[in-house]
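A look at the structure
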Amino acid sequence: FETGPGVEAQSDWSYYRVTIAGVVTVVHAFSMVLCHSRKLFVSFYRNERLATLLRAHQEAFAYLGCLCRRILYDNQTAITLGRVAGKPRWHETFLDFAHAYGFEPRVGRPGHKERRGKVERPFLYLEEDFVRGRMFASWDDLNRQAREWLDGVANVRVHGTTRRRVDEAFAEEKPFLIALPAVPFPAERNETRKVQKDGYVPIDGSLYPVPAALVGQIVRV
């Protein structure tokens with residue numbers, strides 16, 4: 001089925017194994033597609049945590065310059081905390097984020113991938129046309145090449161279903177999309193850590209030095 005301009009976008013994650021700086025690395029691809037025009041955003045991250053999810057949304061919105069009135073997701077834990085009486089129990093921070101940007105979040109029924117087909121199918125296209133056979137010097141290089149692929153290939157192609165160039169369809173859809181708020185939602189990752197005896201703070205498997213006076217204290221990162 002098709003939706004009208006500006007009505008719905010779909011978003012999801014998929015992971016791949018790619019070579020970054022000579023090391024095979026698991027990367028998480030965040031994708032958002034505008035259902036009417038099929039305008040696509042893709043970027044790669046180290047995980048699928050809530051802070052990463054919000055940052056990925058903000059990068060998608062910045063790339064598109066606007067957003068749809070409704071965004072459809074699967075039942076990922078960063079968005080919903082399960083269901084109560086059949087209705088999704090939203091993660092409070094994510095719901096605040098959605099309200100700040102003015103879109104309605106929706107989740108499909110568990111196991112009902114067909115409802116999110118417009119975002120599911122491009123992952124195979126991404127793998128076959130971009131990921132496969134490429135190597136990257138760094139994470140920045142990976143996302144730089146992904147942006148070049150979006151601008152030079154994915155979003156200027158004639159889409160197989162709509163039979164229209166994606167960029168031309170997006171130009172017609174754009175007036176129906178929601179403008180971005182003047183002040184972005186504060187989506188920075190905030191956590192607490194105890195400073196170790198050697199004066200370091202562990203974060204995601206790496207150690208970061210802090211002033212010696214903070215040894216043994218709980219600090220905000």
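These notes cover the structure that comes with them. The structure presented is a predicted model; accordingly, all values stated were derived computationally and were not measured. (Residues numbered from 1 in each chain as written. Predicted model: local features only at pLDDT ≥ 70, side-chain atom pairs only at ≥ 80, totals over all residues. Heavy atoms only, no water.)

**Regarding the nonpolar core**
- Core analysis: the largest hydrophobic core is formed by 53 residues, its most contacted members being Tyr16, Phe30, Phe44, Phe94, Phe103, Leu126 and Phe130.
- Mapped onto this core, the elements with two or more residues apiece are strand 1 (8–20), strand 2 (23–34), strand 3 (40–45), helix 1 (50–64), strand 4 (70–73), helix 2 (92–101), helix 3 (117–131) and helix 4 (139–154).
- Residue contributions to this core peak at 8 residues, all from helix 1.
- Not counting residues up to four positions away in its chain, the partners in contact with Phe103 are His57, Phe61, Leu67, Cys68, Arg69, Ile71, Tyr73, Phe94, Phe97 and Ala98. (Core = buried A, V, L, I, M, F, W, Y, C linked by side-chain atoms within 4.5 Å. Buried < 20%, exposed > 50% of the residue type's maximum accessible area, 1.4 Å probe, protein only. Helix = DSSP H or I, 4+ residues; strand = E, 2+ residues; numbered from the N terminus. Contact = heavy atoms within 4.5 Å.)

**What to know about the pairing of strand 6 (residues 87–90)**
- Summarising the sheet, strand 5 (residues 80–84) and strand 6 pair through 3 bridges and their orientation is antiparallel. Bridged to Arg83 within strand 6 is Pro88.
- Where strand 5 hands over to strand 6, the hairpin turn is made up of 2 residues, of which Ala85 adopts a positive phi near 55°. (Pairing = 2+ DSSP bridges.)

**A word on the packing of aromatic side chains**
- Within the structure shown, the criterion is met by 17 aromatic pairs.
- Considering the side-chain rings of Phe97 and Tyr101, the 4.8 Å spacing of their centres and the 45° angle between planes classify their relative orientation as tilted. Residue Phe97 and its partner Tyr101 are located together in helix 2, separated by 4 residues, close to a single helical turn. Grouping residues by exposure puts Phe97 and Tyr101 together as buried.
- Taken together, the ring pairs in this structure connect Phe61, Tyr73, Phe94, Phe97, Tyr101, Phe103 and Phe185 into an aromatic cluster.
- Stacked on the ring of Phe170, the Lys or Arg Lys39 has its end atom at 4.7 Å from the ring centre.
- The ring of Trp139 has Arg46 sitting right over it, with the charged end atom 4.4 Å from the ring centre. (Phe/Tyr/Trp six-rings, centres within 6.5 Å; stacked < 30°, edge-to-face > 60°. Lys NZ or Arg CZ within 6 Å of the ring centre and 35° of its normal.)

**Regarding unusual backbone geometry**
- Residue Ala21 is not a glycine yet carries a positive backbone phi of 55°.
- Along the polypeptide, Ala21 turns up in the loop between strand 1 and strand 2.
- A residue is classified by how much of its surface remains accessible, and Ala21, at 55% relative accessible area, is exposed.
- Even without a glycine there, the phi angle at Asp204 is positive, about 50°.
- Inspection of the secondary structure puts Asp204 in the loop between strand 10 (200–203) and strand 11 (206–209).

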